[in-house]
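Examining the three-dimensional arrangement
Each chain is listed here by its residues.
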Amino acid sequence: MRSGDPGDLPHGGDLTDEATYERVRSPSRRGLLRLSAGAGLTAGLSAALGPRPAGAATGIVKPLPPELFVPQGTNAEMRWEAMRGQGYLTPADRFFVRNHVATPLIDARTWRLRLWGTGLRGAPAEDRPVEFTYEDLLRLPAEEVTAFIECTGNGRGFYTSQQGQEVSGTPWRLGAVGVARWRGVRLATVLRRAGVTPEAVDIMPRGLDAEFVDKGENLGRVRRPLPIAKAMKDALLAYEMNGAPLPPDHGHPVRLVVPSWAGIASIKWLGDIQVADEPLFSPWNTRYYRLFGPAHPEEGSPPLTRMNAKSAFELPWEASLPARPHVLHGRSWSGSGRIRHTEVSVDGGRTWRRARLRDRHPSPRGWVRWELPWRPERPGRYELLARATDETGTTQPATAPYNTLGYLFGAVVRHPVTIT
Ligand SMILES: Nc1nc2c(c(=O)[nH]1)N[C@H]1C(S)=C(S)[C@@H](COP(=O)(O)O)O[C@H]1N2
Ligand SMILES: [Mo]
């Protein structure tokens, strides 16, 4: 996808930078007071949704064979060995699923994308939105982007298992990430057609899945503000994943894909987008998806945006391998651009060797595949480590900074392997 022309941006400035984003947003915190008001606007929604999928306990529609997935409540984590022997992309049948509630079944023929708010010409009200049908979107110029979607909590389980720290949330290992080729319409194209004004600062895309109830508290439908600069730069309204219509679990008929950013930004089953001339707030950018804890102010860090660098071996957890020469395979990725190199240690971190990068021109918004020969000298227990250095020169650290919700575990993961 071509990158955004800065001249396109109503604000000129770089609101994709976390600090700038927070500065721009901070002058008004009054939005916080309106959170509860926003939570009530769901009447008539259930009528738009199909029957509950039959395959039930998880609320996920696609099959979740145990050799491909680890169940995590309403979510499903990909097993990394499922990527072994695959191409660059993660096939939809093994792409992780992160659902706050059950996957809704939505009919593309009656579906509408509704845009409204003070950041559009004429400030259309929520009940008099600018509408696009599925067919409308198919008729607009299409673009493709190959990008990872990664849950901000990917790797969270290692805060506890590797660092002895207690954090709340789904204890993912490294399988809450996947790379797909997404096809759709640039969000910028649709925003322009809807009449976005130079005064727009934030948009709030909202899903059509049911309201999310957190410990008895109804937070309303999943919705997460996005600064207009990122929306105009490279966000995609995707209707295809790896060359096929989006599957139900990944947002059918249309989802947002916000490359390089926290997975929560990529709202699935998109129903409407509020476009506002003032900062917007929802629980998903105030109480979640910020860093909380001793190292942070009480209201938390600025909202999380870009994902950090990570690396994973395409091996079972834990792995057991025969005592013979092997070629280790894995992938590294970062929300800050390309991976420069990945180093691997087979002796618990004492010595490191550079892996061979297998993709000459990987997508800067995807990952890179790598490999490294390994001859284990004797049977026994080993810990394999991989650490990536991204385009900014940042290398994965030995420990991840603690935060109570366990986000952004970017430290080197120690992968247990037994040689038999
Ligand atoms: N409407 C809606 N969009 C959503 C979510 C959701 O529960 N509802 N989960 C978000 C989160 S937290 C993540 S990590 C990604 C996961 O995308 P996937 O399930 O296609 O892998 O979707 C995001 N978009
Ligand atoms: Mo997520």
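Structure first, text after, so check above.
A brief structural summary. Note that the structure is a prediction, hence the values are computed from the model and not measured. (Residues numbered from 1 in each chain as written. Chains lettered and ligands numbered in written order. Predicted model: local features only at pLDDT ≥ 70, side-chain atom pairs only at ≥ 80, totals over all residues. Heavy atoms only, no water.)

1. Overview of the pairing of strand β6 (residues 177–186)
On a regular strand, one side chain projects to one face of the sheet and the next to the other, so that they alternate. Our working rule: When accessible area is computed with a 1.4 Å probe and restricted to protein chains, residues below 20% of their type maximum are described as buried, those above 50% as exposed, and intermediate ones as partly exposed. A run of H or I in DSSP counts as a helix once it spans at least four residues, and a run of E counts as a strand once it spans at least two, with each numbered from the N terminus. Any two strands with at least two DSSP-identified bridges between them are counted as paired.
By the criterion of burial, β6 is predominantly enclosed, with 8 of the 10 residues buried. Sheet analysis places strand β5 (residues 143–150) next to β6, joined by 8 bridges and oriented antiparallel. Across the sheet, residue Glu150 finds its bridge partner in β6, namely Val177. Two strands pair when backbone bridges link them, and β6 and strand β11 (residues 236–241) are joined in this way by 5 bridges, in the antiparallel orientation. Within β11, the position partnered with Gly184 by the bridge is Ala238.

2. Quick look at the site of ligand 1
To be explicit about the condition: Working definition: residue near molecule or strand if any one of its non-hydrogen atoms lies within 4 Å of it. We define a polar contact as two N or O atoms separated by no more than 3.5 Å, with the added condition that, inside protein, one atom must be a possible hydrogen donor and the other a possible acceptor, whereas residues neighbouring each other in sequence contribute only through side-chain atom pairs. Only the protein chains shown count as cover for residues, and the accessible areas themselves come from Shrake-Rupley with a 1.4 Å probe. Polar here means any residue outside two lists: the nonpolar Ala, Val, Leu, Ile, Met, Phe, Trp, Tyr, Cys and Pro, and the charged Asp, Glu, Lys and Arg; Gly therefore counts as polar.
Close to ligand 1 lie 20 residues; Phe96, His100, Asp209, Arg255 and Lys268 are nearest. Interatomic distance of 2.7 Å between a side-chain N/O atom of Arg255 and an oxygen atom of ligand 1. Protein contact buries 100% of the 530 Å² of open area that ligand 1 shows by itself. The class makeup of the residues in the shell around ligand 1 is 10 nonpolar, 6 polar and 4 charged.

3. Examining the sheet that holds strand β22 (residues 380–390)
Within the open sheet, the 5 strands sit side by side as β16-β23-β22-β18-β19. Their pairing is mixed. Looking along the sheet, the strands with just one partner apiece sit at the ends: β16 (319–321) and β19 (353–354). Where strand β18 (residues 339–345) and β22 come together, 6 bridges link them in antiparallel fashion. Its bridge partner being in β22, Ser345 is matched across the sheet by Leu385.

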